[in-house]
Amino acid sequence: TCAKIFQHILDHDADAVRMGEFLYDTETLEVQSMKNATAAAKKLQDPTTNFIQIGKCGFEERSVVWLYPDHSGDERSSFLLADGECKRLATSALGGKSKA
């Protein structure tokens, strides 16, 4: 599901998906643009990924941003960004019905 959604988004805007890690202790954001759907889906499963931005913020544009707790405070991966976010995003990006 995730790769399919990311491909749909990247087909419309090659720079629309950014992922990374917000370091709460230093208050810095390490982020990179995801250039292909497979890499984006894999990065989503990385437990250090706690920041995702889809789209661009602007007067005429909208963006979806996820910011989750730092992995150091999530020993059981309870807040791992994963397939649930893709299912919710599918509702708007692909016109599907969310089951998450």
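Position labels on residues start from 1 in each chain and follow its written sequence. Local features in this predicted model are restricted to residues whose pLDDT is 70 or higher, and side-chain atom pairs enter the listing and the counts only when it is 80 or higher, whereas totals over whole chains, interfaces and linings include all residues. Calculated side-chain values reflect all of the structure's heavy atoms, with hydrogen atoms and water omitted.

Focus on the pattern of salt bridges
Move 1: By definition, a salt bridge exists where a carboxyl oxygen of Asp or Glu is found within 4 Å of a side-chain nitrogen of Lys or Arg. Here the structure, examined in full by the defined rule, presents two salt bridges.
Move 2: In this structure, the salt-bridge partner of Lys35 is Asp15, at a minimum N-O distance of 2.6 Å. Of this pair, Lys35 sits in the loop between β2 (28-33) and α2 (37-44) while Asp15 sits in the loop between α1 (2-12) and β1 (17-23); the two residues are 20 residues apart in sequence, bridging distant segments of the chain.
Move 3: A 1.4 Å probe rolled over the protein chains alone gives each residue an accessible area, and that area as a share of the maximum for its type sets the label: buried under 20%, exposed over 50%, partly exposed in between. You can call Lys35 exposed: its relative accessible area is 57%.
Move 4: Among the residues examined, Asp15 registers a relative accessible area of 38% and is labelled partly exposed.
Move 5: Across the pair Asp46 and Lys43 runs a salt bridge, and its minimum N-O distance is 3.9 Å. For helices the rule is a DSSP run of H or I covering at least 4 residues; for strands it is a run of E covering at least 2, with both sets numbered from the N terminus onward.

Some words on the environment of Leu29
Move 1: For Leu29, the location among the structural elements is in strand β2.
Move 2: Looking at Leu29, the relative accessible area reads 38%, which means it is partly exposed.
Move 3: Setting aside anything within four residues of it in sequence, one finds Leu29 in contact with Glu21, Phe22 and Phe51. Should any heavy atoms of two residues lie within 4.5 Å, those residues are considered in contact.

A word on the nonpolar core
Move 1: In this structure, Phe6, Ile9, Val17, Met19, Ala40, Leu44 and Ile54 are the most contacted members of the largest nonpolar core, which totals 15 residues.
Move 2: Counting residues per element, the ones that place at least two in this core are α1, β1, α2 and β3 (51-55).
Move 3: With five residues, α1 is the single largest residue contributor to this core. In plain words, nonpolar cores are sets of buried Ala, Val, Leu, Ile, Met, Phe, Trp, Tyr and Cys residues tied together by side-chain atoms within 4.5 Å.

Observations regarding the environment of Ala3
Move 1: Considering the arrangement of structural elements, one finds Ala3 in helix α1.
Move 2: Ala3 gets classed as partly exposed once you look at its relative accessible area, which sits at 34%.
Move 3: Ala3 sits 39 residues away from Lys42 along the chain, and the two C-alpha atoms are 8.5 Å apart.
Move 4: Look past the residues within four positions of Ala3 in its chain and what remains in contact with it is Ala37 and Ala41.

Regarding the packing of α1 against α2
Helix-helix packing: each pair is described by the crossing angle between the helix axes and the interaxial distance.
Move 1: Relative orientation of the contacting elements α1 and α2 amounts to 130°, with a least axis distance of 8 Å. Between α1 and α2, the interaxial angle falls into the category oblique. As for the relative orientation of α1 and α2, their crossing is right-handed in sense. Across from Cys2, Ala3, Phe6, Gln7 and Leu10 in α1, the residues of α2 making contact are Ala37, Ala40, Ala41 and Leu44.
Move 2: Here the residues of the contact of α1 with α2 are counted per class, giving eight nonpolar, one polar and no charged. Axis definition: a line fitted to C-alpha atoms, over the contacting stretch in the case of helices. Angles run 0 to 180 degrees between N-to-C directions. Convention used here: angles under 35 degrees read as roughly parallel, angles over 145 as roughly antiparallel, angles from 65 to 115 as roughly perpendicular, and any remaining angle as oblique. Left-handed describes a crossing whose near helix is turned anticlockwise from the far helix by less than a right angle; the clockwise case is right-handed. Here the nonpolar group is Ala, Val, Leu, Ile, Met, Phe, Trp, Tyr, Cys and Pro; Asp, Glu, Lys and Arg are the charged ones; every other residue, Gly included, is treated as polar.

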